[in-house]
Amino acid sequence: MESVVKKILVTEEQIDEACKRLGKQITIDYADKGNFILLGLLKGCIPFLSDLMKEIKLPLIAEFMDVTSYHGGIESTGDIRIRMDLGTSVKDKHVLICEDIVDTGRTLDTVMKLLYHRGAASVEVVTLLDKPGGRVIPLNCKYIGHTIPTEFVIGYGLDYDELYRNIPYVAVLKESVYSKE
Ligand code: PRP
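Below: a short report on this structure. (Residues numbered from 1 in each chain as written. Predicted model: local features only at pLDDT ≥ 70, side-chain atom pairs only at ≥ 80, totals over all residues. Heavy atoms only, no water.)

1. Thoughts on the nonpolar core
As a reminder of what qualifies: Residues enter a nonpolar core if they are buried and are Ala, Val, Leu, Ile, Met, Phe, Trp, Tyr or Cys, with the set joined through side-chain atoms within 4.5 Å. Think of it in three bands: residues with accessible area under 20% of the maximum for their type are buried, residues over 50% are exposed, and the middle band is partly exposed, with areas taken using a 1.4 Å probe on protein chains only. Per the convention used, a helix needs a DSSP run of H or I reaching at least four residues, while a strand needs a run of E reaching at least two, with both numbered from the N terminus. Contacts: residue pairs with any heavy atoms within 4.5 Å of one another.
Membership of the largest hydrophobic core comes to 27 residues, with the highest contact counts inside it found for Ile 26, Phe 48, Val 126, Leu 129 and Val 170. Only helix H1 (12–29), strand E2 (36–42), helix H2 (46–53), strand E5 (94–102), strand E6 (122–130) and strand E9 (170–173) provide two or more residues apiece to this core. At 5 residues, H1 tops the list of elements feeding residues into this core. Apart from the residues within four sequence positions on either side, Ile 26 is in contact with Phe 36, Leu 52, Ile 56, Leu 58, Leu 96, Val 126 and Tyr 143. The next biggest cluster of nonpolar side chains, apart from the first, holds 20 residues, and it includes Ile 37, Val 67, Val 95 and Cys 141.

2. Structural notes on the packing of aromatic side chains
So the rule is basically this: Any pair of Phe, Tyr and Trp rings, taking the six-membered ring for Trp, is counted once the centres come within 6.5 Å. Such a pair is stacked with planes under 30 degrees apart, edge-to-face with planes over 60 apart, and tilted for the rest.
By the definition in use, this model includes 4 aromatic pairs. With a centroid separation of 6.1 Å and 85 degrees between ring planes, the pair formed by Phe 152 and Tyr 160 is classed as edge-to-face. Overall, the relative accessible area of 6% leaves Tyr 160 in the buried class. Judged by centre distance (6.5 Å) and plane angle (75 degrees), the ring pair of Phe 152 and Tyr 178 falls under edge-to-face.

3. Looking at the pairing of strand E3 (residues 61–68)
So the rule is basically this: Only when DSSP finds a minimum of two bridges between them are two strands counted as paired. Handedness of a crossover is defined as follows: with both strands directed away from the viewer, a clockwise route from the first strand across the helix to the second makes it right-handed.
As paired strands, E2 and E3 are joined by 6 bridges and run parallel to one another. When the bridges of E3 are listed, Gly 40 appears paired with Phe 64. In this region the chain leaves E2, passes through H2 and returns to the parallel neighbour E3; the handedness of that crossover is right-handed. In this structure, E3 lies alongside strand E4 (residues 81–84), joined through 3 bridges in antiparallel fashion. In the strand pairing of E4, Asp 66 is matched with Met 84.

4. Remarks on the side chain of Asp 109
Residue position: Asp 109 is located in helix H3 (residues 106–117). Residues contacting Asp 109, with those up to four places away along its chain left out, are Ile 137 and Leu 139.

5. A look at the pairing of E5
Across the 9 residues that make up E5, a large majority, 9, are buried. With H3 bridging E5 and the parallel E6, this β-α-β connection has right-handed handedness.

6. Section: the site of the ligand
We count it as follows: Here, proximity means that at least one heavy atom of the residue falls within 4 Å of the molecule or strand. Nitrogen and oxygen atoms within 3.5 Å of one another constitute a polar contact, given that in protein one can donate a hydrogen and the other can accept it, and given that sequence-neighbouring residues count only through two side-chain atoms. Residue burial considers only the protein chains on display, and all accessible areas are found by Shrake-Rupley using a 1.4 Å probe. Throughout this entry, Asp, Glu, Lys and Arg are counted as charged residues, while Ala, Val, Leu, Ile, Met, Phe, Trp, Tyr, Cys and Pro are counted as nonpolar. The remaining residues, Gly among them, count as polar.
Around the ligand lies a shell of 20 residues, among which Ser 69, Glu 99, Asp 100, Thr 104 and Thr 107 are the nearest. The contact in question runs from an oxygen atom of the ligand to an N or O atom on the backbone of Lys 43, over 2.9 Å. One of the side-chain nitrogen or oxygen atoms of Arg 165 is found 3.0 Å away from an oxygen atom of the ligand. A total of 500 Å² of accessible area belongs to the ligand in isolation, and the protein chains cover 96% of it. Secondary-structure elements contributing two or more residues to the shell around the ligand are E3, E5 and H3. Considering every element that reaches the shell around the ligand, the biggest residue donor is E5, with 4 residues. Partitioning the shell around the ligand into residue classes produces 5 nonpolar, 7 polar and 8 charged.

7. A short note on the sheet that holds E5
For clarity, the cut-off: All axes here are fitted lines through C-alpha atoms, helices being fitted over the stretch that makes contact, and every angle between N-to-C directions spans 0 to 180 degrees.
A sheet is described by the order of its strands in space; here 6 strands give the open sequence E4-E3-E2-E5-E6-E7, paired in mixed fashion. Lying at the two open borders of the sheet, with one neighbouring strand each, are E4 and strand E7 (143–147). Neighbour to neighbour, the strand axes of the sheet diverge by 30 degrees on average, direction disregarded. Running over the sheet, H1 touches E2, E5, E6 and E7 and is turned about 160 degrees from E7.

That's the geometry; what it means functionally is another story.
Here's what the structure looks like:
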């Protein structure tokens with residue numbers, strides 16, 4: 001699998017440090033709120049949510065939505081599809097959306113509007129990776145693990161054509177992998 005890696009951008013140690021740092025801050029910020037939902041957007045969120053939630057020392061409900069915008073390629077299509085909705089009401093709840101990466105901002109813009117429309121008390125975002133150079137819709141994430149340049153990355157939940165999510169670090173994908181197609 002490593003043969004598709006051009007360069008490692010965020011190491012396993014840096015991911016671990018980010019989870020601890022973000023978990024600590026979220027624990028402080030949400031300590032008095034109650035009604036706390038950590039909402040993972042599948043599938044990319046899986047490793048990050050799993051590691052991050054262990055660092056949040058508060059009662060929380062973990063929920064998931066399956067939302068997709070890339071449909072397997074290397075660019076966001078702008079066509080946001082909800083393949084699976086979350087299983088509980090967000091009314092009067094404090095929702096913290098957990099993402100692997102924020103790129104154009106389209107996915108979050110759609111999901112945040114939907115959650116507010118459904119009556120969430122607050123909606124914030126924790127993302128392992130922020131790619132501000134890709135932004136099409138202005139969007140600020142409250143909690144960011146690492147800011148990365150505008151390159152296509154894989155690993156730690158992030159895929160290319162559904163592969164490489166199980167690489168334990170974040171890496172730039174070799175151009176030759178997708179330029180062949
Ligand atoms: C990725 C990622 C975010 C979104 C970010 O999901 O997990 O949800 O794209 O891109 P955006 O800011 O340009 O909207 P993807 O659609 O690839 O689905 P996946 O999580 O199942 O891989």
